[in-house]
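Structure at a glance
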Amino acid sequence: MPMKRADPRTDPQLKLRLPVELKVRIEACAEAAMRPLSSEIIRRLEWSFRAEEQGQTLDDETVASSIEQRLHEAEQQIEFLNGAIYALTKRLTKLDGIKE
């Protein structure tokens, strides 16, 4: 379970260097998850510590499996949202008297 923080603005700041490729990857993940960069980094660090505490290794297979599961969940959410958009569009069209 992620650590609860009273007020993230009062947390200590850390300046670090990252390889460009890693920075690009973490920024893309944060954007895709609609999270601030710092939140994405914190989430991933907490996940790695939890996995380590539970005796899990962070090998490529474990990471790939986790990513595949998250991708599947995201695809299901997208499918649901697309259905909702379609239904709302039909209702709006009907309400506006516009034919498709």
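Keep in mind the model is a prediction, meaning the values are calculated, not measured.

1. Here's the deal with the overall build of the protein
Helix and strand counts for the protein come out as three helices and zero strands. Each helix and strand of the protein, ordered N terminal to C terminal, gives the series α-α-α. Within the structure as shown, the protein displays about 9,500 Å² of accessible surface, and the carbon and sulfur contribution to it stands at 59%.

2. Some words on helix α3 (residues 60–96)
Spanning 37 residues, α3 covers 52 Å between terminal C-alpha atoms, matching the ideal 54 Å at 1.5 Å per step. Gly 97 sits one or two positions beyond α3 and adopts a positive phi of about 75 degrees.

3. Observations concerning the packing of helix α1 (residues 20–32) against helix α2 (residues 37–53)
Packing of α1 against α2 brings their axes to within 9 Å, and their N-to-C directions diverge by 105 degrees. Considered as vectors, α1 and α2 are oriented roughly perpendicular to each other. Contacts between α1 and α2 involve Ile 26, Glu 27, Cys 29 and Ala 30 from the first element and Leu 37, Glu 40, Ile 41 and Arg 44 from the second. Classifying every residue of the contact of α1 with α2 gives five nonpolar, no polar and three charged.

4. Topic: a nonpolar patch on the surface
The grouping of Leu 14, Leu 16, Leu 18 and Leu 22 at the surface amounts to a nonpolar patch, some 410 Å² of accessible area in total. In this fold, Leu 14 is placed in the segment before α1. With a relative accessible area of 73%, Leu 14 lands in the exposed category.

5. What about the pattern of salt bridges?
A full pass over the atoms with the stated rule returns four salt bridges. Residue Glu 40 is joined to Arg 44 by a salt bridge in which the shortest nitrogen-to-oxygen separation is 2.7 Å. Of this pair, Glu 40 and Arg 44 are both found in helix α2, four residues apart, which corresponds to roughly one turn of the helix. Its relative accessible area of 32% is what places Arg 44 among the partly exposed residues. Put simply, Arg 35, Glu 40, Arg 43 and Arg 44 are held in one network by salt bridges that share partners.

6. Overview of α1
The end-to-end C-alpha distance of α1 is 18 Å, a good match for the 18 Å that 13 residues give at a rise of 1.5 Å each. Positive backbone phi, approximately 55 degrees, marks Met 34, located one or two places after α1.

About the thresholds
- Note that residues are indexed from 1 along each chain, following the sequence as it is written.
- Where totals are concerned, whole chains, interfaces and linings use all residues; where local detail is concerned, this predicted model gives features only for residues with pLDDT of at least 70, and gives and counts side-chain atom pairs only at 80 or more.
- Side-chain descriptors were evaluated using all non-hydrogen atoms of the structure, hydrogens and water having been removed beforehand.
- The helix and strand labels rest on DSSP assignments: H or I over at least four residues marks a helix, E over at least two residues marks a strand, and numbering proceeds from the N terminus.
- Throughout, the Shrake-Rupley method with a 1.4 Å probe supplies accessible areas, and for residues the shown protein chains are the sole cover considered.
- Here, expected helix span is obtained from the residue count minus one, scaled by 1.5 Å.
- For every element, the axis is a line fit to its C-alpha atoms; helices are fit only across the contacting stretch, and the angle between N-to-C directions ranges from 0 to 180 degrees.
- An angle below 35 degrees is read as roughly parallel, one above 145 as roughly antiparallel, one from 65 to 115 as roughly perpendicular, and any other as oblique.
- A contact between two residues is defined here by any heavy atoms of the two lying within 4.5 Å.
- When residues are grouped by polarity, Ala, Val, Leu, Ile, Met, Phe, Trp, Tyr, Cys and Pro land in nonpolar, Asp, Glu, Lys and Arg in charged, and all others, Gly among them, in polar.
- Residues enter a patch when their relative accessible area is above 30% and they make no salt bridge; the linking distance is 9 Å between like charges and 5 Å between nonpolar side chains (Val, Leu, Ile, Met, Phe, Trp, Tyr).
- In the sections that follow, a salt bridge refers to a side-chain nitrogen of Lys or Arg positioned within 4 Å of a carboxyl oxygen of Asp or Glu.
- Note on classification: 1.4 Å probe, protein chains only; a residue is buried when its accessible area is under 20% of the maximum for its type, exposed when over 50%, partly exposed between these limits.

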